[in-house]
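Commentary on secondary and tertiary structure
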Amino acid sequence: MEEPQRRIRALYGESTITVYQAYSPEIGVPAARDGRFPAAWKRDRMTWIKPSFLWMMYRCGWGEKAGQETVLAVEITRDGFEWALRHACLSSYVRGVHPDRAAWQRQLKRAPARVQWDPERDLRLRALPYRSLQLGLTGEAVRRYADEWTVAVRDVTPVARAIRTHVTSGDLDAAAGLLPPERPYPAPPVAEFGCRSPGRAG
């Protein structure tokens, strides 16, 4: 079955969805230990969450990049995740989706979340011909993420490194067996383009 050009792929259950982030040990270790982000975590900055594990591995280099040595699996409520999608704007202007560039810029300034579609990755972190979601949170969305949506935080750095070891040795079957079982997420239609419909409540 052919993959659609854009799709949210994620590990999720009835009420939660898992997203990934990578931080320095100073942030990541206490977050995993306490199940919440520490005081050093900046609430006044945009934070990007990735439902795709392999896209996160591409971004953090299997947890080897400086400042991204601790890979976190953050389990959040689906209600919170979908709130962010409903209130999101695309991170870049798209003709036909936005009335014009100025309208997109106005929406971007107001939106507490940003949708970005990036090429999905295979086990060797090569770009695939379809895209997965990266969701940027700012302002109200950051506060909700940290204080309301987060259910659990786990350090999955050992899993990331075990998968990388199998990939390096050429055992892709073993590597694939350690991947989280992601599947298409039944997101509301608004997520397909990432822009809130005019006048939509939420």
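This text goes with the structure placed above it.
Residues numbered from 1 in each chain as written. Predicted model: local features only at pLDDT ≥ 70, side-chain atom pairs only at ≥ 80, totals over all residues. Heavy atoms only, no water.

Of the positions making up helix α4 (residues 101-110), those classed as buried are A103, W104, Q107 and L108. Viewed along the axis of α4, the buried residues span an arc of 135 degrees, placing them on a single side of the element. With respect to the buried face of α4, the exposed residues turned more than 90 degrees away are K109 and R110. Residues of α4 that are buried make contact with β5 (88-90) and β6 (113-121). (Buried < 20%, exposed > 50% of the residue type's maximum accessible area, 1.4 Å probe, protein only. Helix = DSSP H or I, 4+ residues; strand = E, 2+ residues; numbered from the N terminus. Arc of directions from axis to C-beta. Contact = heavy atoms within 4.5 Å.)

Before going further, it helps to spend a moment on the pattern of salt bridges. It is possible for side chains bearing opposite charge to pair when their charged atoms get close. Inspection of every chain in the model, using the stated rule, returns eight salt bridges. Its salt-bridge partner being D34, residue R33 comes within 3.0 Å of it at the nearest N-O pair. Exposure remark for R33: the relative accessible area of 61% places this residue in the exposed category. Owing to a relative accessible area of 37%, D34 belongs among the partly exposed residues under this scheme. (Salt bridge = Lys/Arg side-chain N within 4 Å of Asp/Glu carboxyl O.)

Attention shifts here to the sheet that holds strand β9 (residues 183-184). Across the sheet, which stays open at both edges, the five strands sit in the order β8-β4-β2-β1-β9 with antiparallel pairing between neighbours. What marks the edges here is a single partner per strand, and that holds for β8 (150-155) and β9. Bridge analysis of strand β4 (residues 70-77) against β8 gives five bridges, and the strand direction is antiparallel. Its bridge partner being in β8, A73 is matched across the sheet by R154. Sheet strands touched by helix α1 (residues 25-34): β2 (16-23), β4 and β8. Its angle to β4, the strand with the most contacts, is close to 45 degrees. (Pairing = 2+ DSSP bridges. Axes fitted to C-alpha atoms, helices over the stretch in contact; angles between N-to-C directions.)

Below, the discussion takes up the sheet that holds β6. Strand pairs in the sheet, formed through backbone hydrogen bonds, run parallel or antiparallel to each other. Read across the sheet, four strands follow the order β3-β7-β6-β5 without closing on themselves; strand pairing throughout is mixed. Two strands bound the open sheet, and with one partner strand each, they are β3 (47-49) and β5. Strand-to-strand, the axes of this sheet are offset by a mean angle of 40 degrees, without reference to chain direction. Two strands pair when backbone bridges link them, and β6 and strand β7 (residues 127-137) are joined in this way by eight bridges, in the antiparallel orientation. Across the sheet, A113 pairs through a bridge with L137, a residue of β7. On top of the sheet, helix α2 (residues 53-60) reaches β6 and β7; it is set at about 90 degrees to β6, its chief contact. Sheet strands in contact with α4 are β5 and β6, and its direction is about 140 degrees off that of β5.

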